[in-house]
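# Inside the fold
What follows is each chain in one-letter form.
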Amino acid sequence: MRLDRFLSNFAEFNRLDARLLLAAGRIRVDGHSVSDGRFEIREFNRVELDERVLQPGKPARYFMLYKPSGHVSATEHPEHPTVLDLLNEPDKHELHLGGRLDLTTTGLLLITNDGHWSRRLTLPGSKQPKVYYVETEQPIEAEYIETFAQGLYFAFEDLTTLPAQLEILDTRAARLTLHEGRYHQVKRMFGHFRNRVVRLHRESVGPLQLDPHMQPGDYRSLTAEEVACF
């Protein structure tokens with residue numbers, strides 16, 4: 001929200017009052033005087049008028065979780081434990097997921113309370129590459145590479161998937177890079193060849209790799225550099 005609009009939302013300030021307060025240098029955001037009413041503030045910013053706190057602000061939180069199999073990518077679920085159950089953090093109800101993984105899928109999952117940040121991860125236009133390690137029931141043939149690169153038609157959504165890159169690692173193992181996140185997409189792509197996925201593990205999202213020191217169920221805060229990747 002623009003700072004001038006934020007100020008004018010208070011009953012005692014109209015738009016003129018807001019402009020005068022800003023011009024007088026009486027408004028501070030995160031300890032710094034701000035005079036531009038177009039300055040964008042978020043729920044994480046501390047906003048003060050002289051010594052009065054108008055918004056206390058709160059810390060933005062960003063976590064990397066190594067999702068184990070058997071946990072639902074949801075904030076609550078009636079039947080299965082959720083990924084939030086793995087976090088020993090206060091105010092977990094404020095957190096949400098930057099993307100999802102299926103119940104049996106393991107690997108990198110991002111969790112935050114910053115809606116702007118998570119939308120940059122998940123909006124279709126972002127096309128953040130997501131890399132998966134895949135094991136299948138039947139051998140993976142060379143023809144898969146070209147088919148995935150051309151895109152597959154999904155009748156349910158009436159769309160063709162974006163080009164995906166497949167690297168065959170072994171007879172029944174491969175690494176797949178997607179640039180979108182359709183429903184059960186990896187399993188449906190291999191299902192085109194009637195080849196069932198028996199293991200699926202997400203290794204990375206964009207430039208962010210799953211920490212190699214982590215074990216299933218582990219999580220840690222992201223560094224400032226990692227947050228700035230998106």
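Small disclaimer: the values here were computed from a predicted structure and weren't measured.

### Remarks on the packing of aromatic side chains
Counted according to the given criterion, the structure contains 10 aromatic pairs. An aromatic cluster of three or more residues is present, and its members are Tyr144, Phe148, Phe190 and Phe193. Over the ring of Phe154 we find Arg188, and its NZ or CZ is 4.0 Å from the ring centre.

### What to know about the environment of Gln138
When you line up the elements, Gln138 lands in the loop between strand 8 (130-136) and helix 4 (143-150). On the basis of relative accessibility, which here comes to 38%, the residue Gln138 falls in the partly exposed class. Sequence separation between Gln138 and Arg194 is 56 residues; the distance between their C-alpha atoms is 8.6 Å. Gln138 has contacts with Thr171, Arg172 and Asn195, leaving out every residue within four places of it along the chain.

### Concerning the nonpolar core
Formed by 29 residues in total, the largest nonpolar core has its most connected members in Ile111, Phe148, Leu176, Val186 and Phe190. Elements supplying a minimum of two residues to this core: strand 5 (62-67), strand 7 (106-112), strand 8, helix 4, strand 12 (173-178), helix 5 (185-191) and strand 13 (197-205). Excluding its chain neighbours within four sequence positions, the residues that come into contact with Ile111 are Arg61, Tyr62, Phe63, Leu65, Val83, Leu84, Leu87, Leu95, His96 and Leu97. Residues Val29, Val34, Ile41 and Val47 belong to the second largest nonpolar core, which totals 15 residues.

### What to know about helix 2 (residues 15-23)
Listed as buried for helix 2 are Ala18, Leu21 and Leu22. Taken around the axis of helix 2, the buried residues stretch over an arc of 95°, which confines them to a single face. Residues of helix 2 that are exposed and point more than 90 degrees away from the buried face comprise Arg19, Leu20 and Ala23. In this structure, the buried side of helix 2 is in contact with helix 1 (3-8), strand 1 (27-29) and strand 3 (47-49). Of the residues flanking the start of helix 2, the one acting as N-cap is Asn14, its side-chain oxygen 3.0 Å from the backbone nitrogen of Leu16.

Conventions used here
- Residues numbered from 1 in each chain as written.
- Predicted model: local features only at pLDDT ≥ 70, side-chain atom pairs only at ≥ 80, totals over all residues.
- Heavy atoms only, no water.
- Phe/Tyr/Trp six-rings, centres within 6.5 Å; stacked < 30°, edge-to-face > 60°.
- Lys NZ or Arg CZ within 6 Å of the ring centre and 35° of its normal.
- Helix = DSSP H or I, 4+ residues; strand = E, 2+ residues; numbered from the N terminus.
- Buried < 20%, exposed > 50% of the residue type's maximum accessible area, 1.4 Å probe, protein only.
- Contact = heavy atoms within 4.5 Å.
- Core = buried A, V, L, I, M, F, W, Y, C linked by side-chain atoms within 4.5 Å.
- Arc of directions from axis to C-beta.
- Polar contact = N/O pair within 3.5 Å; in protein donor to acceptor, adjacent residues only side chain to side chain.

Purely geometric stuff here, so don't read any function into it on its own.
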